[in-house]
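Given next are the chains, with one letter for each unit.
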Amino acid sequence: MGKDHTSSQFDVELNDIRARLLEMGGKVELMIANSMKSLVERDSALAGRTIASDREINAMEIEIDEKCLHILARRQPAARDLRFVTLVLKIVTDLERIGDQCASIARNALELNREAQLKPYIDLPLMADTVNNAVREALDAFVRGDAPTAVQVCRDDRIVDELNEQLQRELLTFMMEDPATIGRALRINSISKYLERIADHATNIAEMVIFMVDGKDIRHTIV
Amino acid sequence: MKLKVMGAQLLIVLLLGAVIYSYLNRTLELYQKTVVTEHLINDAGLARVVAAKEIQELRRDAPATAASIGREIKARVTIIAGNGEVVGDSEVRPGELATLDNHGGRPEVRDARVNGRGLSVRYSETLRTDMLYVAVPFNSAAGGSALLRLALPLSSLEAAKGEFRAVLGGTLSLAAVMLVFFSYLLTSVSRRSLRAVSVIASRISKGEIGTRVPVEKGSEVGELARVLNEMALRTEEQLGRISAEKNRLDTILRGMGEGIMVSDPHGVITLVNPAFRSLFAIRDEVEGKQLIDISRHPALHDSFRDVIALGQERVEELQLRSPKEKTVLTHWVPLLENDVLQGVVAVFHDITDIRQLEKIRRDFVANVSHELRTPVTVIKGYAETLLAGALESNPEQAARFVGIIYSHADRLGSLIGDLLTLSQLESGTLAMESRSICLHDIAEHVVALLEQKAQNRRISIDCSGLASAPAVLGDPGRLEQVFVNLLDNAIKYTPAGGSVTLSAEALGDQVRIVVKDTGTGIPSRDLPRIFERFYRVDSARTREEGGTGLGLAIVKHIVQLQGGTVSVESSGQGSSFYITLKRA
C-alpha cells in the first residue's frame, strides 16, 4: 500500500492495519473450519472453543476499527489510501459477522451433538468447504489485488445458494416423514442458512476487492 | 588537472626568469657603468698629464692636443679655459670652436673646479645622445689653469645592454617553451597510464573481477597497478569462497525435505526453500512479502509473535488446512546477531504421513481387539449357556449351540491365521520362492476351490483370458493365496447373476493381471484405503459375509514382496483389481 508516501510512519500504520485485517481473516477461516468440524466429528469441546473465539474476533474488529479511525483523523488519507481505509472498515464488519455466524453454527452443533445424528452430514461439509474457499479466495484476492479471483468468488455464491435449497428440500422430507426429527432438522436448516450468509459476506468482500482494484462498483449487479 | 600543473610550472619559470632578468640587468648596468666611469677617470688622469706637457700656449695648442688625445683614447676630449671658454675639442673643428657656448656652468666643470674632479651623465645637445662626462683641472706649461673634459657616449653601453637583454630574454623564453613542452609530454604520458589504470579499475568495480592491469616496471603507476591487481586477486578469491559457500547452502536448502523460511523481525520474508514453497503452494516470489501474505493461519502468527517477543526457540504442531490438510511440525529459532534479534528461522517438517501411520497403528490395535472380541464373546456366551444346563436339558439346542461355537472358533482361527500370515509377510520371515509360474494353472486351481461358493451365488468365473498369458516369476503358493483372496472378494461383492473375469497382458518385462467383477463397486473416497488392514467400506455388511478384513492387506503385501504392484479402479459397474508381476 502507498509506496509513494513521504511519511514512512504512515506506511507502517497502513501496513499494520492490513496485517491485522488478514490475521483476523485467518482466525475467521479457522472458525468456519472448526465450527463444521465440531459438527461432523461431534466434537463438543471444539464447538465450545469456537464459540469462545468469537470474542477474539470481536476484539479485533474494535481494534482495527479504531486504527482506521485514527488514520482518518490524523492523516487525512486521500485517493487510494482513503479507498483502502474505508474498504478495511467494511471488510472488518463482514469478517465480524462471519465470526458471529460461526459461533451460531457451533452453538447449534453443541445441541445437535446431544442427540443422535439425523443423517450423515454430506452436503453441510461440502457447503462449508465451498464457503471457506470463498472466504479464503476473497482474502487472497485482497492480498494480491486480484480482481478475476474476486469475480469468481461472486459467481461461486450461486453454488452455495443451490446447496442450501437442496438441503432444505431434503430436510423437509425428513420432517414430513417423522415429526420427531423436526428439532434436529430445524437446527441443520439454520446451520445451512448461516453458511449461506457467510458466503454472502465473502461475496461482499470480493465486491469490495473489485472496487479497490478496478475502481468499479459492482454491488447489486449481476456478474 | 593537466592544465593546472602546466600553468603552475610556467608561472614559476616566468617569475624566476623575471627576477633573474631584472637582477642581472641591474647588476650588469651598474657594473658596466662603474667600469666605464673608472676607465674614463683613469684616461682623464693620463690625458691631464699629457695635456699639461703638450700645451704651451692654451689657445694655440689646445685643439691639436685634444684631437690627438681623443684619437688615442677614443673619446671626445674637450679642453676648457679657466673662464669656461672651449679652447679645444676633438670632435669640433678649431674654426667652429667659437660657436660653442660657454662650458663654465656645466655640472662636471663646476665640480672639477671645486673638488678637482667632476662627473656627470647628461644628454648632449651636440651629439644628441646620453654622454658620460669626466672633467679634471690641469695647469698648462705656460702656467694658465684649464680643464680637460672627456666625454664618452653611453650609446655603446646601451647597445651592449640591449644585446645582453636579448640573449637573456631569448634563453628564458626558450626555457619556458621547453618547460611547457616537456611538462605536457610528461603529464600526458602519466595521464595515459593513469587513465588505463582507472579504466581497468572501473571494469573491476563493475564486476569483471578477472581483469588485470598491465604492470609497467619502474613507473609510479606500475606500483599502483601492482597493488590494484593484488586487490582484485584478493577480491576474486573472496568472492569465489563466498559464492561456493552460497552454492553449498543453496544446494542444501534445495535438497532439504523440510520447508525453511527466514524472515526479519517485522515478518518480512527474506528466504524460503522449494520445500516451503510446495508446502504452502506458493507460485510467485515471496521474498520481500509479509508472512501474513503467505498464510493467514492464526497459529503461525502466534508462534512468530512469541518467538520475536521472547527470543526463544519454539516447537509447535500446526494443522494446515489449505492447500491440503496437513500436519506440520514447526521449529522456530530466533536469529540473533550480537545478541540483537535479526529475524526468525522457521523449519517446517511435514509429519502428515507419520501421523497417518500412527493413526493406522492405533486403529489396527483397536480393530484387532474388536475383531477378536466378537467371536470370543459369542463363544463364551454359548459355552456358558451350555454349562448352565442346556447340554442335558435340550440336546437339540445344545447341538446347534456347539455348531455356532464351532463356526465362531473357525472364524477366530482364520482371523488369527490371517494375522499371522500378515505379520510374517511384514517381518520378512516368510520364505518366498521365485520360479516361473503358469497363471492359468493357478487360476484353474483356485476357481476349482471356489466353484461351490460361486455356484451358490450364481456367479460365473471366467479365467480363459489367462490361457495364453505369459508366465510370471513368483511363489506359487503365495500367488494362489492372492487369487483366492481377490476372487473371494469379487464373489462376495458381486450380486447374483454377475460375473468375474480374469485376464492378463504383458507390459514390457512385467505382466499385468486384471480381476474384474460386475459388483457394487467401491466408493471413490474409500479407494485409497481399502488395502489397509481392517478397513471396511461398509462394516456391517462385510462382517455378515464372514471376511476378516485382512484379505486385501495380505494381497498387497504378497505382491509387493514379489516386486509387484497392486492397484484398483472402481465405478458403479464393478471394480477392477490390477496386479503387476515380473515376467518369467
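One can find the structure itself at the top, above this paragraph.
This text gives an overview of the structure that appears in the document. (Residues numbered from 1 in each chain as written. Chains lettered and ligands numbered in written order. Predicted model: local features only at pLDDT ≥ 70, side-chain atom pairs only at ≥ 80, totals over all residues. Heavy atoms only, no water.)

## As for the overall build of chain B
Part 1: Within chain B, the secondary structure is distributed over 14 helices and 17 strands.
Part 2: Burial statistics for chain B: of 584 residues in total, 38% are counted as buried.
Part 3: Across chain B, every contact between residues at least 6 apart in sequence was considered, and the portion connecting residues at least 24 apart equals 56%. (Helix = DSSP H or I, 4+ residues; strand = E, 2+ residues; numbered from the N terminus. Buried < 20%, exposed > 50% of the residue type's maximum accessible area, 1.4 Å probe, protein only. Contact = heavy atoms within 4.5 Å.)

## Remarks on a nonpolar patch on the surface
Residues and elements named next belong to chain B.
Part 1: Taken together, the side chains of Leu174, Met178, Phe181, Phe182, Tyr184 and Leu185 define a hydrophobic patch exposed on the protein surface, amounting to about 600 Å² of accessible area.
Part 2: When you line up the elements, Phe182 lands in helix α4 (residues 155-205).
Part 3: On the basis of relative accessibility, which here comes to 43%, the residue Phe182 falls in the partly exposed class. (Patch = residues over 30% accessible without salt bridge, like charges linked within 9 Å, V, L, I, M, F, W, Y side chains within 5 Å. Areas by Shrake-Rupley, 256 points an atom, 1.4 Å probe, with all protein chains shown as cover. Salt bridge = Lys/Arg side-chain N within 4 Å of Asp/Glu carboxyl O.)

## Quick notes on unusual backbone geometry
Residue and element names in this part refer to chain B.
Part 1: In this structure, Lys74 is a non-glycine residue whose phi angle is positive, near 50°.
Part 2: The backbone of Asp339 sits at a positive phi, close to 65°, despite the residue not being glycine.
Part 3: Given a relative accessible area of 73%, Asp339 falls into the exposed group.

## A closer look at the sheet that holds strand β15 (residues 510-517) of chain B
All names here are of chain B.
Part 1: Read from one edge to the other, the open sheet built from 5 strands follows the order β12-β14-β15-β17-β16, with strand pairing classed as mixed. Lying at the two open borders of the sheet, with one neighbouring strand each, are β12 (460-465) and β16 (565-571). Neighbour to neighbour, the strand axes of the sheet diverge by 20° on average, direction disregarded. (Pairing = 2+ DSSP bridges. Axes fitted to C-alpha atoms, helices over the stretch in contact; angles between N-to-C directions.)

## Points about helix α5 (residues 147-177) of chain A
Residues and elements named next belong to chain A.
Part 1: Taking 1.5 Å of rise per residue, the 31 residues of α5 would be expected to cover 45 Å, and the 47 Å separating its terminal C-alpha atoms lies within 8% of that figure.
Part 2: Its maximal kink placed at Arg155, α5 deviates by approximately 25°.
Part 3: Where α5 is buried, its residues meet α4 (123-144) and α6 (182-214). (Expected span 1.5 Å × (residues − 1). Bend = angle between axes of the 7 residues up to and from the residue.)

## Focus on the sheet that holds strand β2 (residues 86-89) of chain B
All names here are of chain B.
Part 1: Strand order in the open sheet formed by 5 strands is β2-β1-β5-β4-β3, with antiparallel pairing between adjacent strands. Pairing within the sheet leaves two strands with one partner each, and these edge strands are β2 and β3 (118-124). Strand after strand, the sheet turns through a mean of 25° between neighbouring axes, direction not considered.
Part 2: Pairing between strand β1 (residues 76-81) and β2: 3 bridges, direction antiparallel. Residue pairing in the sheet places Ile80 in a bridge with Val86 of β2.
Part 3: Together, β1, β3, β4 (129-139) and β5 (145-153) form the strand contacts of helix α3 (residues 107-115), whose direction differs from that of β3 by roughly 170°.

## Examining the nonpolar core
Part 1: In this structure, Leu124, Phe142, Leu195 and Ile198 of chain A are the most contacted members of the largest nonpolar core, which totals 66 residues.
Part 2: Secondary structure elements with two or more residues in this core: α1 (8-40), α2 (44-75), α3 (79-113), α4, α5 and α6 of chain A.
Part 3: Ranked by residues supplied to this core, first place goes to α6 of chain A with 14 residues.
Part 4: Those residues in contact with Phe142 of chain A, other than ones at most four positions away along the chain, are Arg18, Leu21, Leu22, Phe84, Leu87, Ile91, Val209 and Met212 of chain A.
Part 5: Among the nonpolar cores identified, the runner-up in size contains 50 residues, and Leu422, Ile437, Leu486 and Val511 of chain B belong to it. (Core = buried A, V, L, I, M, F, W, Y, C linked by side-chain atoms within 4.5 Å.)

## Examining helix α10 (residues 395-427) of chain B
Part 1: Taking 1.5 Å as the rise per residue, α10 of chain B with 33 residues should run 48 Å; its terminal C-alpha atoms sit 47 Å apart, in good agreement.
Part 2: Count one or two residues on from α10 of chain B and you reach Gly428 of chain B, which has phi positive near 80°.

## What about the packing of helix α9 (residues 352-393) of chain B against α10 of chain B?
Residues and elements named next belong to chain B.
Part 1: Relative orientation of the contacting elements α9 and α10 amounts to 160°, with a least axis distance of 9 Å. Classified by the angle their axes make, α9 and α10 are roughly antiparallel. Note that α9 runs across α10; the crossing there is left-handed.
Part 2: In terms of residue class, the contact of α9 with α10 is built from 23 nonpolar, 3 polar and 3 charged. (Parallel < 35°, antiparallel > 145°, perpendicular 65-115°, else oblique. Left-handed = near helix turned anticlockwise from the far one by under 90°. Nonpolar A, V, L, I, M, F, W, Y, C, P; charged D, E, K, R; others polar.)

## Some words on the environment of Gln9 of chain B
All names here are of chain B.
Part 1: In this fold, Gln9 is placed in helix α1 (residues 2-54).
Part 2: Its relative accessible area of 31% is what places Gln9 among the partly exposed residues.
Part 3: For the pair Gln9 and Ser183, spaced 174 residues apart in the sequence, the C-alpha separation amounts to 8.1 Å.
Part 4: Filtering out sequence-adjacent residues up to four positions away, Gln9 remains in contact with Leu179 and Ser183.
Part 5: For Gln9, the side chain forms a polar contact with the side chain of Ser183, separated by 3.0 Å. (Polar contact = N/O pair within 3.5 Å; in protein donor to acceptor, adjacent residues only side chain to side chain.)

## A closer look at the interface of chain B and chain A
Part 1: Taken residue by residue, the interface counts 11 residues in chain B and 17 residues in chain A.
Part 2: On inspection of chain B and its partner chain A, the count reaches 4 salt bridges.
Part 3: Glu29 of chain A serves as the salt-bridge partner of Arg296 of chain B, at 2.6 Å between the closest nitrogen and oxygen.
Part 4: Viewed at the interface, chain A and chain B are joined by 5 residue pairs in polar contact (both at pLDDT 80 or more).
Part 5: Those elements that provide at least two residues to the side of chain B that touches chain A are α7 (291-294) and α8 (298-310) of chain B.
Part 6: Of the residues in the side of chain B that touches chain A, the class split is 2 nonpolar, 3 polar and 6 charged.

## Overview of the pattern of salt bridges
Residue and element names in this part refer to chain B.
Part 1: Within this structure, the stated rule accounts for 37 salt bridges over all chains.
Part 2: The salt bridge involving Arg149 is made with Glu108; its shortest N-O contact spans 2.8 Å. Of this pair, Arg149 sits in strand β5 while Glu108 sits in helix α3, placing them 41 residues apart in sequence.
Part 3: The class of Arg149 is buried, set by a relative accessible area of 0%.
Part 4: With a relative accessible area of 0%, Glu108 lands in the buried category.
Part 5: Between Lys492 and Asp488 there is a salt bridge, with the nearest N and O atoms lying 3.7 Å from each other. Within this pair, Lys492 and its partner Asp488 are both found in helix α12 (residues 476-492), separated by 4 residues, close to a single helical turn. A single burial state applies to Lys492 and to Asp488, both of which are buried.

## A few points about the pairing of strand β10 (residues 340-350) of chain B
Regular strands show a simple pattern: their side chains alternate between the two faces of the sheet.
All names here are of chain B.
Part 1: Sheet topology places strand β6 (residues 259-263) next to β10; 5 bridges connect them, and they run antiparallel. Within β10, the residue paired with Gly259 across the bridge is Phe348.
Part 2: In this structure, strand β9 (residues 326-337) lies alongside β10, joined through 10 bridges in antiparallel fashion. Paired with Leu335 across the strands is Gly343, a residue of β10.
Part 3: Here β9 hands over to β10 after 2 residues, with Asn338 in that stretch at a positive phi of 55°.

## A few points about the side chain of Asp418 of chain B
All names here are of chain B.
Part 1: Among the secondary structure elements, Asp418 is positioned in helix α10.
Part 2: The charged side chain of Asp418 is buried without a salt bridge, its nearest counter-charge being Lys492 at 8.5 Å.
Part 3: In this structure, Asp418 is in contact with Thr548, Leu550 and Ile554, ignoring residues within four places of it in sequence. (Lys, Arg positive; Asp, Glu negative; His and termini not counted.)

## Quick notes on the packing of aromatic side chains
Residues and elements named next belong to chain B.
Part 1: As enumerated under the stated definition, the model contains 9 aromatic pairs over all chains in all.
Part 2: Three or more aromatic residues link up through ring pairs in this structure, and these residues are Phe276, Phe280, Phe304, Trp332 and Phe348.
Part 3: The residue whose ring lies beneath Arg533 is Phe364, and the NZ or CZ to ring-centre distance is 4.5 Å. (Phe/Tyr/Trp six-rings, centres within 6.5 Å; stacked < 30°, edge-to-face > 60°. Lys NZ or Arg CZ within 6 Å of the ring centre and 35° of its normal.)

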